[in-house]
Amino acid sequence: MFPYDVGELVRSIVIDTLGIPAALYRTDLVFSADLGLESLDLLDIFFRIECSAPVVLTVEKCGRYLQGDVPDEEFCDARGVISARGLSRLRTVMPQLDTGQWAGKLTLDRMLSELSIGNLVSMVENLLAEGQAAAHA
Amino acid sequence: MPEYGSGVLRVGSYSVDTDSVERLIARHGPKALHLPDRADPALPWAVRQATLRALAAPPRLAGRWGDIALRGGAEGPWTLLFTGEVARYAQSVLHGDVSFSVTHRAGRITAHAVLTRAGTTPPAFPRETEVPR
């Protein structure tokens, strides 16, 4: 287990970074659609989490977490449109994604726009567990 | 892709407020974004992101910013250097060259990276440079 509550950590950082009222905070909020974040805002949040975490978190690790074990050439096509296999993988870490709606339409550029606060919490928990397991190996 | 003309394989675009990049660097340091210490950090950041988009870099590579370096001064000419896993990936998907252009307008910087087939002339952009692979 972690020495602190990841959900609370993310909550405090998101509220502080975005300056939103605490009452509006919900884990099902989507960063781009509901909170109007740009890519650098999300990075800012991630870097703040990184500073508070007891293990090394990197953006590269986040990318590996999202892609899972799907090979590069099978995750998306040459235009950056995420494949059925890529969508299936993303559905495991972003359960709110409607694969029927996004089939053949979700691009790499758009992918992070669909990330929710809950997805971020799960990702941080997963990466922390991975980092701690590696530290004890 | 016909909409870009027969010589252009793919275009990646990225636009960002220069203030946003500078604020992020002021808060977390240039190393957070793997950027060199220079007066115009938004420029290499935008070029790098546009290039990763043009390459359709999958998520595991999209955050490997340290694998792409931009050499050159504020006015160019610029050269992109790929290293590590991004270099290996670029070698597998590039069948020509990457050209890029950068425009500044109202505090916002926009970069376009254009992948072209080998032997074709890239479209004319202001302040364009070819990128050796």
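Rules of the game
- Residues numbered from 1 in each chain as written.
- Chains lettered and ligands numbered in written order.
- Predicted model: local features only at pLDDT ≥ 70, side-chain atom pairs only at ≥ 80, totals over all residues.
- Heavy atoms only, no water.
- Axes fitted to C-alpha atoms, helices over the stretch in contact; angles between N-to-C directions.
- Helix = DSSP H or I, 4+ residues; strand = E, 2+ residues; numbered from the N terminus.
- Parallel < 35°, antiparallel > 145°, perpendicular 65-115°, else oblique.
- Left-handed = near helix turned anticlockwise from the far one by under 90°.
- Contact = heavy atoms within 4.5 Å.
- Nonpolar A, V, L, I, M, F, W, Y, C, P; charged D, E, K, R; others polar.
- Salt bridge = Lys/Arg side-chain N within 4 Å of Asp/Glu carboxyl O.
- Buried < 20%, exposed > 50% of the residue type's maximum accessible area, 1.4 Å probe, protein only.
- pLDDT = per-residue confidence, 0-100.
- Core = buried A, V, L, I, M, F, W, Y, C linked by side-chain atoms within 4.5 Å.
- Buried area = accessible area lost by both parts, 1.4 Å probe.
- Polar contact = N/O pair within 3.5 Å; in protein donor to acceptor, adjacent residues only side chain to side chain.

Q: Please give an account of the packing of helix H1 (residues 6–18) of chain A against helix H2 (residues 39–52) of chain A that cites residues and values.
A: Residue and element names in this part refer to chain A. Contact geometry for H1 and H2: axes closest at 10 Å, N-to-C directions at 135°. As far as their axial angle goes, H2 and H1 are oblique. In terms of crossing hand, the pair formed by H1 and H2 is right-handed. Residue-level contacts link Leu9, Val10, Ile13, Val14, Asp16, Thr17 and Leu18 of H1 to Asp44, Ile45, Arg48, Ile49 and Ser52 of H2. Considered class by class, the residues forming the contact of H1 with H2 number seven nonpolar, two polar and three charged.

Q: I'd love a proper account of the pattern of salt bridges, names of residues and values included.
A: Following the criterion strictly, the structure yields 17 salt bridges over all chains and no others. Among the ionic pairs, Arg64(B) bridges to Glu60(A), the shortest N-O distance being 2.6 Å. Of this pair, Arg64(B) sits in the loop between helix H3 (59–62) and strand E2 (68–71) while Glu60(A) sits in helix H3 (residues 59–67), each in a different chain. A salt bridge links Asp17(B) to Arg108(B); its shortest N-O distance comes to 2.9 Å. Note that Asp17(B) is positioned in strand E1 (residues 8–17) and Arg108(B) in strand E5 (residues 108–117), a separation of 91 residues in sequence. For Asp17(B), a relative accessible area of 26% puts it in the partly exposed group. On the basis of relative accessible area, Arg108(B) is assigned to the partly exposed category, the value being 27%. One salt-bridge network, in which partners are shared between bridges, spans Glu60(A), Arg64(A), Asp72(A), Arg60(B), Arg64(B), Asp67(B) and Glu85(B).

Q: Mind laying out the confidence of the model for chain A, listing which residues take part and the relevant values?
A: Do not read the predicted coordinates in detail wherever pLDDT is low. Residues with a pLDDT of 70 or more make up 98% of chain A, whose mean pLDDT is 90. Looking across chain A, the model is least confident in helix H8 (residues 117–136) of chain A, with a mean pLDDT of 88, and most confident in helix H5 (residues 84–93) of chain A, with 97.

Q: Lay out the nonpolar core with the relevant residues and their values.
A: With 85 residues, the main nonpolar core has Phe31(A), Leu90(A), Leu33(B) and Trp45(B) as its most contacted residues. Counting residues per element, this core draws most heavily on helix H2 (residues 42–54) of chain B, at eight residues. Apart from the residues within four sequence positions on either side, Leu90(A) is in contact with Leu66(A), Phe75(A), Ile82(A), Leu97(A), Leu106(A) and Met111(A).

Q: Talk me through the interface of chain A and chain B; I want residue IDs and the actual numbers.
A: Contacts between the two partners involve 23 residues from chain A and, on the opposite side, 25 residues from chain B. The contact between chain A and chain B buries some 2,000 Å² in all, and 62% of this surface belongs to carbon and sulfur atoms. It is Leu40(A), Phe47(A) and Asp72(A) in chain A that bury the most area against chain B; as a group they hold 28% of the surface buried on that side. Applying the counting criterion to the chain A and chain B interface returns five salt bridges. Between Asp109(A) and Arg53(B) there is a salt bridge, with its nearest N and O atoms 3.6 Å apart. The tally of links from chain A across to chain B stands at seven residue pairs in polar contact (both at pLDDT 80 or more). Mapped by element, the contributors of at least two residues to the side of chain A that touches chain B are H2, H3, helix H4 (72–75) and helix H7 (108–111) of chain A.

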